[in-house]
Amino acid sequence: MAGSKSSYDYEELLACARGELFGPGNAQLPYPPMLMFDRITEISETGGAFDKGFIRAEFDIKPDLWFFACHFIGNPIMPGCLGLDAMWQLTGFYLGWLGEPGKGMALSTGEVKFKGMVTPSVKKVEYGIDFKRVMRGRLVLGIADGWLKADGEPIYAATDLKVGLSKQSAVA
């Protein structure tokens, strides 16, 4: 059964990062600074590009974000891998929101295309994840396509994002 909430604020995302939202041993978000969005604006088990569910989120871009100081000196841009990681983070969150048990792990993606950059002049990043399939077996697997918009302009696209939930811990 999907979660009853259709949006989440920053404090609720931090609760998820602490393992409090979906319960011990289940999906968690990373804690800042690796948490790459400030709010989930919409989440649904139906709709989206494939009518199999979707999630939308936003990230307020501030010129003092940690990655701008080091990537690159004199030419600050958000590393593309952080935008991709945000898409994986959202895919895992969706699986936890569905009530599926286990800890999340990014597994792969099909293709990633970058058509622009997130720079300090950008005010807001929007993410969209559209689910193609959720497989429930020994491993819960979410398969989705994702995109990133910078101030409303689509600049990243990823196909076949795959995130799994496993009941085994990463710590031995």
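Worth saying up front: this structure is predicted, and the values here are computed from it rather than measured. Residue positions are given per chain, counting from 1 as you read along its sequence in written order. Confidence filtering applies because this is a predicted model: local features only for residues at pLDDT of at least 70, side-chain atom pairs given and counted only at 80 or more, and all residues used for totals across whole chains, interfaces and linings. The side-chain values count all of the structure's non-hydrogen atoms but skip hydrogen atoms and water molecules.

In this section: the overall build of the protein. For helices the rule is a DSSP run of H or I covering at least 4 residues; for strands it is a run of E covering at least 2, with both sets numbered from the N terminus onward. Within the protein, the secondary structure is distributed over 2 helices and 7 strands. When the helices and strands of the protein are read in sequence order from the N terminus, they spell out α-β-β-α-β-β-β-β-β. Over its C-alpha atoms the protein spans a radius of gyration of 15 Å, differing by no more than 12% from the 16 Å that the globule rule assigns to 172 residues. Its C-alpha atoms give the protein principal-axis dimensions of about 50 × 35 × 30 Å. Buried means the residue's accessible area, taken with a 1.4 Å probe over protein chains only, is under 20% of the maximum for its type, while exposed means over 50%, and partly exposed covers the values in between. Here the protein, with 172 residues, has 45% of them falling under the buried criterion. For the protein, contacts bridging at least 24 residues in sequence account for 66% of all contacts bridging at least 6. For the accessible areas, the method is Shrake-Rupley and the probe is 1.4 Å, while residue cover comes only from the protein chains on display. In the form shown here, the protein has an accessible surface area of approximately 8600 Å², with 55% of it arising from carbon and sulfur atoms. Note that the radius of gyration is over C-alpha atoms, with the globule rule given as 2.2 Å times the number of residues to the power 0.38. In this analysis, two residues are considered to be in contact whenever any of their non-hydrogen atoms come within 4.5 Å of each other.

What follows deals with the UniProt feature "active site" (unreviewed entry) in the protein. With numbering aligned to this structure, UniProt lists the feature "active site" (unreviewed entry) at H71. Following the sequence through the fold, H71 ends up in the loop between strand 2 (54-60) and helix 2 (80-97). Not counting chain neighbours up to four residues away, the residues in contact with H71 comprise P76, I77, M78 and P79. UniProt positions are given in the numbering used here, feature names are shortened, and annotations may be inferred rather than shown by experiment.

It is worth spelling out the environment of K5 at this point. Within the fold, K5 resides in the segment before helix 1 (10-17). Residue classification places K5 among the partly exposed positions, given a relative accessible area of 33%. Not counting residues within four places of it along the chain, the set of residues in contact with K5 comprises E12, I43 and W97. Residues adjacent in sequence count toward polar contacts only when both atoms are side-chain atoms; beyond that, a polar contact is any pair of N or O atoms within 3.5 Å, and within protein one must be able to donate a hydrogen and the other to accept it. Within polar-contact distance, the side chain of K5 engages the backbone oxygen of S7 at 3.4 Å.

So, about the state of the cysteines. Whenever a pair of cysteine sulfur atoms sits within 2.5 Å, that pair is classed as a disulfide. Scanning the entire structure with this criterion turns up 0 disulfides. Considering cysteine sulfurs only, C81 is the nearest to C70, which forms no disulfide, with 10 Å between them. Judged by relative accessible area, C70 falls into the exposed class, the value being 51%.

A word on the packing of aromatic side chains. Two aromatic rings, drawn from Phe, Tyr or Trp (for Trp, its six-membered ring), form a pair once their centres lie within 6.5 Å of each other, and the interplanar angle then sorts them: stacked below 30 degrees, edge-to-face above 60, tilted otherwise. Enumeration over the complete set of coordinates arrives at 8 aromatic pairs. Ring centres of Y8 and F93 lie 5.1 Å apart, and the angle between their planes is 75°; this geometry places the pair in the edge-to-face category. Of this pair, Y8 sits in the segment before helix 1 while F93 sits in helix 2, and the two are 85 residues apart along the sequence. On the accessibility criterion, Y8 (6% relative accessible area) is buried. On the basis of relative accessible area, F93 is assigned to the buried category, the value being 2%. With centroids separated by 5.5 Å and ring planes inclined at 80°, the aromatic side chains of W66 and F67 adopt a geometry described as edge-to-face. Grouping aromatic residues by their ring pairs yields a cluster made of Y8, F22 and F93. The ring centre of Y8 lies 5.3 Å from the NZ or CZ of K5, which sits over that ring. Over the aromatic face of W147 sits the side chain of K149, whose NZ or CZ is 4.7 Å from the ring centroid. Either the NZ atom of lysine or the CZ atom of arginine qualifies as a charge over a ring when it sits within 6 Å of the ring centre and within 35 degrees of the ring normal.

Now for the pattern of salt bridges. When a carboxyl oxygen of Asp or Glu is within 4 Å of a side-chain nitrogen of Lys or Arg, the pair counts as a salt bridge. By the definition in use, this model includes 10 salt bridges. Among the ionic pairs, R56 bridges to D130, the shortest N-O distance being 2.9 Å. You can see R56 sitting in strand 2 and its partner D130 sitting in strand 5 (residues 124-136), a full 74 residues away along the chain. Exposure class is identical for R56 and D130. Each is buried. With its nearest N and O atoms 2.7 Å apart, the salt bridge here joins D160 to K132. Residue D160 is located in strand 7 (residues 153-166), and its partner K132 is located in strand 5; the two are separated by 28 residues in the primary sequence. Under the relative-accessibility criterion, D160 is labelled partly exposed at 27%. Look at the salt bridges and you will find they share partners, linking R39, E58, D60 and K124 into a network.

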